[in-house]
Amino acid sequence: MKNELKTVFFRNLWRENPVIRQILGICSALAVTNRMENSLVMGLGLMFVTAFSSLTLSALRNHIPDRIRMIVQTLVIAAYVIIVDIFIKANLPEISAALGPYVGLIITNCIIMGRAEAFARKNPPVLSFFDGLFAGLGYTIILMCIALIREILGFGTIFGFDVNFLNFTTWTIMVVPPGAFFMIAILIWVASGITDRRLKKNENKQKGAA
Amino acid sequence: MKKGYIYTIIFMAVVSIVFTGLLAGVNAAYKKKIAFNQEAVLKSSILLSVGVESGDDVNAVFAEKAQENKLGDTTYYSIETDSGTAFAIPFEGPGLWGTIRGYIGVASDLQSIQGIAFTEQNETPGLGGRIEEDWFKNQFMDLSLETVITYSGDSGLDAITGATSTSNAVLKIINEFISTTLKELEEAR
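Each value, and the rule that gives it
Residues numbered from 1 in each chain as written. Chains lettered and ligands numbered in written order. Predicted model: local features only at pLDDT ≥ 70, side-chain atom pairs only at ≥ 80, totals over all residues. Heavy atoms only, no water. Core = buried A, V, L, I, M, F, W, Y, C linked by side-chain atoms within 4.5 Å. Buried < 20%, exposed > 50% of the residue type's maximum accessible area, 1.4 Å probe, protein only. Helix = DSSP H or I, 4+ residues; strand = E, 2+ residues; numbered from the N terminus. Contact = heavy atoms within 4.5 Å. Buried area = accessible area lost by both parts, 1.4 Å probe. Salt bridge = Lys/Arg side-chain N within 4 Å of Asp/Glu carboxyl O. Polar contact = N/O pair within 3.5 Å; in protein donor to acceptor, adjacent residues only side chain to side chain. Nonpolar A, V, L, I, M, F, W, Y, C, P; charged D, E, K, R; others polar. pLDDT = per-residue confidence, 0-100. Pairing = 2+ DSSP bridges. Axes fitted to C-alpha atoms, helices over the stretch in contact; angles between N-to-C directions. Patch = residues over 30% accessible without salt bridge, like charges linked within 9 Å, V, L, I, M, F, W, Y side chains within 5 Å. Areas by Shrake-Rupley, 256 points an atom, 1.4 Å probe, with all protein chains shown as cover. Lys, Arg positive; Asp, Glu negative; His and termini not counted. Charge placed at Lys NZ, Arg CZ, Asp CG, Glu CD. Phe/Tyr/Trp six-rings, centres within 6.5 Å; stacked < 30°, edge-to-face > 60°. Lys NZ or Arg CZ within 6 Å of the ring centre and 35° of its normal.

A. Looking closely at the nonpolar core. Counting 49 residues, the largest nonpolar core has A:Met42, A:Val49, A:Val72, A:Ile106 and A:Tyr139 as its most contacted members. Secondary-structure elements contributing two or more residues to this core are helix 2 (26-31), helix 3 (36-59), helix 4 (69-91), helix 5 (93-99), helix 6 (110-120), helix 7 (125-155) and helix 9 (178-209) of chain A together with helix 1 (5-49) of chain B. By residue number, the principal contributor to this core is helix 4 of chain A, which donates eleven residues. Membership of the second largest hydrophobic core comes to 30 residues, among which are B:Ile89, B:Phe91, B:Ile100 and B:Ala163.

B. Looking closely at the interface of chain A and chain B. Listed as interface residues are 27 residues of chain A and, on the opposing side, 24 residues of chain B. For the pair chain A and chain B, the two sides together bury roughly 2,300 Å², of which 74% comes from carbon and sulfur. Between the two partners, chain A and chain B, sit zero salt bridges. Seen at the junction of chain A and chain B, the total is five residue pairs in polar contact (both at pLDDT 80 or more). Per-element accounting of the side of chain A that touches chain B gives the leading share, 13 residues, to helix 4 of chain A. Its residues assigned to classes, the side of chain A that touches chain B comprises 18 nonpolar, five polar and four charged.

C. Inspection of the confidence of the model for chain B at higher detail. With 98% of its residues at a pLDDT of 70 or more, chain B shows a mean pLDDT of 87. This complex was scored by the predictor with a pTM of 0.77 and an ipTM of 0.75.

D. How the structure looks around the sheet that holds strand 4 (residues 99-107) of chain B. All names here are of chain B. Read from one edge of the open sheet, six strands run 1-2-3-4-5-6, paired in antiparallel fashion. Every interior strand has two partners, whereas the edge strands, strand 1 (66-71) and strand 6 (143-144), have only one. Inspection of the sheet shows strand 1 paired to strand 2 (residues 74-81) by six bridges, in the antiparallel sense. Bridge pairing links Gln67 to Ser78 in strand 2. Against the sheet, helix 2 (residues 58-65) makes contact with strand 1 and strand 2, and its axis sits at roughly 60° relative to strand 1, the strand it touches most.

E. Expanded view of a positive patch on the surface. The grouping of A:Arg197, A:Arg198, A:Lys200, A:Lys201 and A:Lys205 at the surface amounts to a positive patch. Under the relative-accessibility criterion, A:Lys201 is labelled exposed at 58%.

F. Spotlight on the packing of aromatic side chains. By the definition in use, this model includes 17 aromatic pairs over all chains. The interplanar angle of 85° and the centroid separation of 5.3 Å between the aromatic rings of A:Phe9 and A:Phe10 together place this pair among those described as edge-to-face. Residue classification places A:Phe10 among the partly exposed residues on the basis of a relative accessible area of 46%. Ring geometry for B:Phe62 against B:Tyr77: centres 5.5 Å apart, planes inclined by 65°, an arrangement best described as edge-to-face. With a gap of 15 residues between them, B:Phe62 in helix 2 and B:Tyr77 in strand 2 connect regions that are remote in the sequence. The pair formed by B:Phe62 and B:Tyr77 is uniform in burial state, with each residue classed as buried. A connected cluster of aromatic rings, assembled from ring pairs, spans A:Phe9, A:Phe10, A:Phe48, A:Phe52, A:Tyr80, A:Phe129, A:Phe130, A:Phe134 and B:Phe19. In this arrangement the basic side chain of A:Arg35 is found over the ring face of A:Phe155, its NZ or CZ atom lying 3.7 Å from the centre. One Lys or Arg, A:Arg67, reaches over the ring of B:Tyr5 and ends 5.0 Å from the middle of that ring.

Next up, the structure:
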């Protein structure tokens with residue numbers, strides 16, 4: 001169990017990170033990452049939904065008839081998303097206004113259905129729960145990285161606190177969604193670069209050993 | 001796994017009932033709180049349109065300073081501000097994607113706009129949605145109504161980069177508001 005958890009953790013955070021490796025959930029990653037606060041709430045919402053929908057679907061996996069499994073997945077995911085939406089509206093009304101329709105659109109985030117289909121369908125509930133949680137965490141971390149750079153350059157703030165000590169002119173491009181395209185592309189580039197280099201190193205080692 | 005039709009139908013029905021019931025429960029539990037939040041947001045928008053900061057206790061400030069008035073079918077508010085009474089009058093009009101609604105604050109002599117607040121808009125987030133940002137709304141403070149309002153160097157009004165249609169829609173709504181609703185109010189008084 002411990003080893004499995006470790007595998008699940010590293011796979012979701014790095015090797016198969018939903019955003020920078022699988023290029024899933026890009027729409028919301030572009031939309032909400034102009035401020036750290038919005039990204040964090042969006043990420044937490046997604047972690048909650050992915051974790052609990054994976055748990056539920058995995059617990060039901062031996063009872064769900066195959067031919068309607070996607071309907072059941074959508075139903076379960078939608079139920080959790082609406083719960084998150086209601087909860088944010090009731091307790092964090094300002095953030096709810098800032099996120100606009102994107103919380104409701106967590107339903108369409110491919111990461112959740114991806115985990116349900118690829119993992120929760122074949123694995124026990126607790127492990128599926130953590131798989132969903134870590135997939136959400138992988139998504140959240142990338143969103144926070146993008147938001148950190150966009151918020152500093154676009155607003156001169158971090159979590160709303162002024163960090164613009166140099167008094168530079170803030171970049172409007174970082175505030176509007178196209179700014180996120182550049183940031184995501186750079187992150188994907190860096191991640192692929194690191195993986196490629198590692199692969200080459202391993203190859204060289206193997207050659208050296210032979 | 002292969003299962004019969006009857007099982008499939010019953011399974012789907014049970015799952016639907018369980019999850020819909022769960023949602024109904026959560027919705028009922030939070031209904032009051034959400035309605036309360038929405039009312040607070042509305043009240044603080046009304047106050048902000050005439051430049052009154054509502055602070056923490058919106059309801060108390062609103063009850064103290066605002067008074068409801070009627071003009072035909074529309075409800076508007078006369079509000080005590082530091083510089084005398086002002087009116088917060090509702091407006092609505094077509095934006096780029098949907099109806100834009102809100103309140104325009106007008107000085108009691110009806111000669112200048114004191115401010116603007118949006119209560120409902122479905123413009124593109126990050127582009128047209130930026131009409132909700134303070135820098136945009138603050139431009140409409142203390143705006144004289146002698147001439148038609150335009151985006152220009154003379155008026156000091158800036159449109160939003162990348163959101164020309166929304167910017168123009170807002171301007172059109174405001175000018176229409178001045179030529180219709182405000183005229184009616186002037187005649188009624």
